[in-house]
Amino acid sequence: MKLVTAILLWLACAIAVPAAAQSGTLDKIRKTGVITMGYIGNAVPFSFKGEGGQPQGYSVDLCREIASGIRGQLGLSNLETRWVELTIQNRLEAVRDGRVDIECSTTTWTLTRQKEVDFSLVTYDAGGSILTRVDLQAGRLADFGGKKIAVITGTTTEKVLRSSLKARSIEAEVVTVKTRDAGLQLLEQRKVDGFASDRISLIGVVLTTPSKGVYKLLDEDFSVEPYALPLPRGDHDYRLAVNRVLAGLYRTGGIEKIYGQWLGKMGPPSLLLSAAFFIQGISE
């Protein structure tokens, strides 16, 4: 019952129309023939630079589908996609200030962030976890008492990690870093005992490091983080256009191909994610 309630809350927020909604992004796209999309260069397997420096990943492919869908909705013969590389620290600002029309990486939807930007339908559900070395006797968050945990500054993971440590009275030192690479480097150098992030991104980090065999993840997650695509706040026509594409992918099963390409090797979608896709497959 809690599972269904959580998904319904996500859905209600995604389709709600703000009272003072403003339109403009679709008009801009129609007039310029360009849609500008932001991405993070090292958030494997969701958003990263591939061969030739081109953006790739699960979220990137969702955004490519959105660009194609919006081209069809606007009746355009061509629509140019411009990619802008962002950082975890400036991605929401880029959407809020109009540098990009949508951000395509691993952004967690929170009510605090919704004061700055709007969000699409949920695209993935992640759990906060900690990457540590296999020789460390740690399987739960409670095992990090007296130890150091690195986390990317300004993320929801940092906020939830700090609150989880406080709520459980765990005396651990939180060390902030700016990127996943920096967090992994501290772990490799044994300057910290763990690196906290969302579980799927940590798996991506391990898969791309030569020393993958020396790391492990905690047996438990300390948070649930629904990913969604940040959009300009108050532009309900544009948000509807984006959600129409995503709902179509969820309804027709098109999401299965994209998921399989980027996340399939890590197993099938969780029950929560499968339910989210099912419920969000809204009909026209």
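Residues numbered from 1 in each chain as written. Predicted model: local features only at pLDDT ≥ 70, side-chain atom pairs only at ≥ 80, totals over all residues. Heavy atoms only, no water.

1. As for the sheet that holds strand β1 (residues 34–40)
Inclusion rule: Whether two strands pair depends on DSSP finding at least two bridges between them. For helices the rule is a DSSP run of H or I covering at least 4 residues; for strands it is a run of E covering at least 2, with both sets numbered from the N terminus onward.
Taken in spatial order, the 3 strands make up an open sheet running β5-β1-β6, and their pairing is parallel. Where the open sheet ends on each side, the last strands, each with one partner, are β5 (80–86) and β6 (102–103). Pairing geometry for β1 and β6, over 2 bridges, is parallel. Bridged to Gly38 within β6 is Glu103.

2. Focus: the environment of Val214
Keep this limit in mind: Here the term buried applies to any residue with accessible area under 20% of the maximum for its type, exposed to any over 50%, and partly exposed to those in between, with areas from a 1.4 Å probe on protein chains only.
On the secondary structure map, Val214 appears in the loop between α7 (199–207) and β11 (215–217). What makes Val214 partly exposed here is its relative accessible area of 39%.

3. Topic: the pattern of salt bridges
Quick reminder of the rule: Salt bridge, as used here, is a side-chain nitrogen of Lys or Arg placed within 4 Å of a carboxyl oxygen of Asp or Glu.
Inspection of the entire model under this criterion finds 16 salt bridges. For Asp61, the salt bridge goes to Arg64, with nearest N and O atoms at 3.4 Å. Placement of both Asp61 and Arg64 in helix α3 (residues 58–74) is noted, with a separation of 3 residues, approximately one turn of the helix. A relative accessible area of 16% means that Asp61 is categorised as buried. For Arg180, the salt bridge is made with Asp198, and the minimal N-O distance between the two is 3.9 Å.

Read these as geometric descriptors, not functional statements.
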